[in-house]
Amino acid sequence: MKQLELSLKTISGQETYPVRHPVLREGRPLSECEFEGDEDATTIHLGLYSKEKLIGVATFLKKSNPCFSEKVQYQLRGMAILQRFQNKGHGKIILDEAEKLLSNKCHRIWFNARKIAVNFYEKNGYKKTGEPFEIANVGVHYVMTKKII
Ligand SMILES: CC(C)(COP(=O)(O)OP(=O)(O)OC[C@H]1O[C@@H](n2cnc3c(N)ncnc32)[C@H](O)[C@@H]1OP(=O)(O)O)[C@@H](O)C(=O)NCCC(=O)NCCS
């Protein structure tokens, strides 16, 4: 990890809320921060800390998308960096470390990406697939994916 004060840890689903809530569910009830599968034994929540402060989170759920043929696939959900820490390479650090961690567990990562985040994911080697689609209250999304190993 480049910046010395940064550390990445596995955390619980609820520990992601201080980042999920302001970044992904601003102004909505805290209960909307809970995702289906958060508590599954195969789910991995990653937290990026700057010193002691949690600044970014991402969740990886063992879940297959029928568009892809690989036997073991993980879905990325809830990728978020606190606003004042965005555009500093923190998102890339989480994705890079997650790919290393998942490389012996799965063959493909996929997710529904918000249109505004598509550039970020493309720069990190993910590709759009299929037509854009609407998720109610959130907006236009694309399925994006990368084959792992
Ligand atoms: C999308 C998101 C997770 C990306 O995380 P991030 O830490 O901002 O991402 P990075 O800093 O690694 O990359 C973002 C951009 O900053 C640029 N960047 C990286 N390091 C930089 C630096 N040191 N100085 C300036 N720019 C930098 C990258 O090139 C990238 O450019 P792009 O916007 O053209 O893709 C984050 O911005 C976020 O939480 N957004 C709101 C929630 C969201 O949309 N989540 C995704 C749901 S699908």
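Calculation rules
- Residues numbered from 1 in each chain as written.
- Predicted model: local features only at pLDDT ≥ 70, side-chain atom pairs only at ≥ 80, totals over all residues.
- Heavy atoms only, no water.
- Phe/Tyr/Trp six-rings, centres within 6.5 Å; stacked < 30°, edge-to-face > 60°.
- Helix = DSSP H or I, 4+ residues; strand = E, 2+ residues; numbered from the N terminus.
- Buried < 20%, exposed > 50% of the residue type's maximum accessible area, 1.4 Å probe, protein only.
- Lys NZ or Arg CZ within 6 Å of the ring centre and 35° of its normal.

## Details of the packing of aromatic side chains
Next up, step 1: Tallied over the full model, the rule gives four aromatic pairs.
Next up, step 2: Considering the side-chain rings of Phe111 and Tyr121, the 4.3 Å spacing of their centres and the 50° angle between planes classify their relative orientation as tilted. One end of the pair, Phe111, is in strand 5 (residues 108-114); the other, Tyr121, is in helix 3 (residues 118-123), and ten residues separate them in sequence. For the pair formed by Phe111 and Tyr121, the shared burial category is buried.
Next up, step 3: On the numbers, 6.2 Å between centres and 75° between planes, the contact of Tyr121 with Tyr126 is edge-to-face. You'll find Tyr121 and Tyr126 in the same group, each marked buried.
Next up, step 4: Counting every residue linked through ring pairs, the aromatic cluster contains Phe111, Phe120, Tyr121 and Tyr126.
Next up, step 5: If you follow Arg20 out to its NZ or CZ, it ends over the ring of Phe35, 3.8 Å from the centre.

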